[in-house]
Amino acid sequence: MTMSTAAPSPATPSTLALSVLDLVPVRTGQTSAQAVAASLSLADAADRLGYRRYWFAEHHNMPAVASTTPPVLAAAAAARTSRIRLGSGGVMLPNHSPLVVAEQFAALEALAPGRIDLGLGRAPGSDPVITQLLRQSGTTSDVERFPDHVRDIISLVAPDGASLRFTSGGTYDVHATPAATTTPEVWLLGSSDYSAQLAASLGLPYVFANHFSGEGLERALDLYRSSFVPSETLSAPRTFLTANVLVAPTPEEAEARALPNLRMTARLRTNKPLVALETVEHSLANAAEFAGLGDTFMASARSKWFVGTAEAVASELRSFAAQHGVDEVMISPIAGSYENEPMDAAPGRLQTLELLAEELIG
């Protein structure tokens, strides 16, 4: 990874705030109910281990991903946890009405006061067909008005709510919930210059989706920090990064558990039909399937992931955080499963959280 001059940390920290981004992966033979159960168990563990926050992503119509509704999943996790912050990474705002999003997260804030994060993204979270279906079958928002809708949500979830002004001159007050005393913390997510500049102009905290591709990271952080405009809720730039992470007792196990997600990346990049996440055994037995271009995509992805033993990965994450001047990294735990592992649990992903917490959280 290339070095950046953006707000470098003066020293590599011995501890690092860690958070979790969960796509609720679905493996071969696993039901949606089992996949959700496994992720909720992981949220329990993250709460117990001292992770700072646990976010659910929004994706649609993907055989290997069950995180379609972040608010529902965050509510289920809130009922099982007591300390960790919960939220979305993120809600893809063009798929939804701003008022509905505001109401959902105001309700979450009432369920778990002071523990809710509302991460907002501009991407659709799926393919053009699903995007069109969402627009035909539900209330969505105009992607070109994304900045206005972010502002609307911030106003709607606040205790004072928002006011609509009629052309006749009258006003009409709107609240996401009738008597809010605390509000969700709104974050802007993205992997482009656009999202970084918008977050800066609105004075919002910003998360660069480094787990998605990693391209443009330094430029996005520089833009965000250099053009930040203080707001009522944030006086200085605040950001952290996401990363694909896998930790195991041995390098060999770590590399083996990485294969299912690497092969899924190859499927996406080569336009092969999407399937449920393969087992480690299936991935090893079919290694030749992605020879050529697929192998190139897998190698490129692997070079940007943090995979290995706890000591090695912790050292890499410390350096990564210091290099980019952040004190928090949100990990997407990408460990695949072996065939004999229980369907309603995620031993590989849990192992990543536990081993990494021992090294970095203490």
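To be clear, the structure that these remarks concern was listed above.
Calculation criteria
Residues numbered from 1 in each chain as written. Predicted model: local features only at pLDDT ≥ 70, side-chain atom pairs only at ≥ 80, totals over all residues. Heavy atoms only, no water. Helix = DSSP H or I, 4+ residues; strand = E, 2+ residues; numbered from the N terminus. Rg over C-alpha atoms; globule rule 2.2 N^0.38 Å. Buried < 20%, exposed > 50% of the residue type's maximum accessible area, 1.4 Å probe, protein only. Contact = heavy atoms within 4.5 Å. Lys, Arg positive; Asp, Glu negative; His and termini not counted. Charge placed at Lys NZ, Arg CZ, Asp CG, Glu CD. Phe/Tyr/Trp six-rings, centres within 6.5 Å; stacked < 30°, edge-to-face > 60°. Axes fitted to C-alpha atoms, helices over the stretch in contact; angles between N-to-C directions. Left-handed = near helix turned anticlockwise from the far one by under 90°. Nonpolar A, V, L, I, M, F, W, Y, C, P; charged D, E, K, R; others polar. Core = buried A, V, L, I, M, F, W, Y, C linked by side-chain atoms within 4.5 Å. Pairing = 2+ DSSP bridges. Expected span 1.5 Å × (residues − 1). Arc of directions from axis to C-beta.

A.B. asks: Got a minute to help me understand the overall build of the protein chain in this structure?
C.D. replies: When you go through the protein chain residue by residue, the secondary structure sums to 12 helices and 11 strands. Relative to the 2.2 N^0.38 estimate, which gives 21 Å for 362 residues, the radius of gyration of the protein chain is 20 Å and therefore close to what a compact globule would have. Counting every position in the protein chain, which comprises 362 residues, the buried fraction comes to 51%. In the protein chain, of all internal contacts separated by at least 6 residues, the share reaching a separation of at least 24 is 75%. Averaging the locations of the 25 positively and 37 negatively charged side chains of the protein chain gives two centres separated by 2 Å.

A.B. asks: What should I look at first to understand the packing of aromatic side chains in this one?
C.D. replies: Two measures describe an aromatic ring pair: the distance that separates the ring centres and the angle between the ring planes. Scanning all chains against the criterion turns up 7 aromatic pairs. Seen in terms of ring centroids, Trp55 and Phe240 are 5.6 Å apart; in terms of plane orientation they differ by 55°. Their pairing is tilted. Of the two residues, Trp55 is situated in strand β2 (residues 53-56) and Phe240 in strand β9 (residues 239-247); the sequence distance between them amounts to 185 residues. Judged by relative accessible area, which is 1%, Trp55 ranks as buried.

A.B. asks: Would you explain unusual backbone geometry in this entry?
C.D. replies: Glycine aside, residues mostly have negative phi, and peptide bonds are mostly found in the trans state. In the segment running from Gly89 into Gly90, the intervening peptide bond is cis, with an omega of -5°. One non-glycine residue, Asn61, adopts positive backbone phi at about 55°. Summarising the element assignment, Asn61 is placed in the loop between β2 and α2 (70-80). Judged by relative accessible area, Asn61 falls into the exposed class, the value being 57%.

A.B. asks: When you look at the packing of helix α3 (residues 98-111) against helix α5 (residues 146-157) in this model, what are you seeing that I'm missing?
C.D. replies: For any two helices packed against each other, one specifies the inter-axial angle together with the distance between the axes. One way to put it is that α3 packs onto α5 with a least axis distance of 9 Å and a crossing angle of 40°. Regarding α3 and α5, the two cross each other, and that crossing is right-handed. Across the interface between the two elements, Pro98, Leu99, Val101 and Ala102 of α3 pack against His149, Ile153, Leu156 and Val157 of α5. Here the contact of α3 with α5 is composed, by residue class, of 7 nonpolar, 1 polar and no charged.

A.B. asks: How should the nonpolar core be read in this particular structure?
C.D. replies: When a protein is soluble and globular, its nonpolar side chains tend to lie buried together. One finds Tyr51, Tyr54, Leu120, Val245, Leu317, Val329 and Leu356 to be the most contacted residues of the largest nonpolar core, which totals 76 residues. Tallying contributions element by element places helix α1 (residues 32-49) first for this core, with 7 residues. Ignoring any residue separated from it by four or fewer positions in sequence, one finds Leu120 in contact with Val91, Val101, Val150, Ile153, Val186, Trp187, Leu188 and Leu189. Listed in part, the 13 residues of the second largest apolar core include Ala258, Phe290, Ala301 and Ala335.

A.B. asks: When you look at the environment of Leu356 in this model, what are you seeing that I'm missing?
C.D. replies: Along the chain, Leu356 turns up in helix α12 (residues 347-360). Each C-alpha atom of the pair Leu356 and His149 lies 37 Å from the other, and the pair is 207 residues apart in sequence.

A.B. asks: Looking at this structure, I do not really get the pairing of strand β11 (residues 328-333). What am I missing?
C.D. replies: Every other side chain in a regular strand lies on the same face of the sheet, so the side chains alternate between the two faces. Buried residues dominate β11, accounting for 6 of its 6 residues. Side-chain alternation along β11 places Glu328, Met330 and Ser332 on one buried face and Val329, Ile331 and Pro333 on a second face that is also buried. Two elements, strand β1 (residues 17-22) and β11, share 4 bridges in a ladder whose sense is parallel. In the strand pairing of β11, Val20 is matched with Ile331. Pairing geometry for β9 and β11, over 5 bridges, is parallel. What sits directly across from Ala243, in β11, is Ile331.

A.B. asks: Just checking my understanding: could you explain α3 for this structure?
C.D. replies: In an α-helix, one turn spans 3.6 residues, which is why side chains three or four residues apart end up on the same side. Counted at 1.5 Å a residue, the expected span for α3 with its 14 residues is 20 Å, and the 20 Å between its end C-alpha atoms agrees. Considered for burial, the residues of α3 that qualify are Pro98, Val101, Ala102, Phe105, Ala106, Leu108 and Glu109. An end-on view of α3 places all buried positions within 160° of arc, on one side of the element. The exposed set on the far side of α3, more than 90 degrees from its buried face, consists of Ala110 and Leu111. Turning to α3, the residues buried within the fold contact α2, β3 (85-92), β4 (116-121) and α5.

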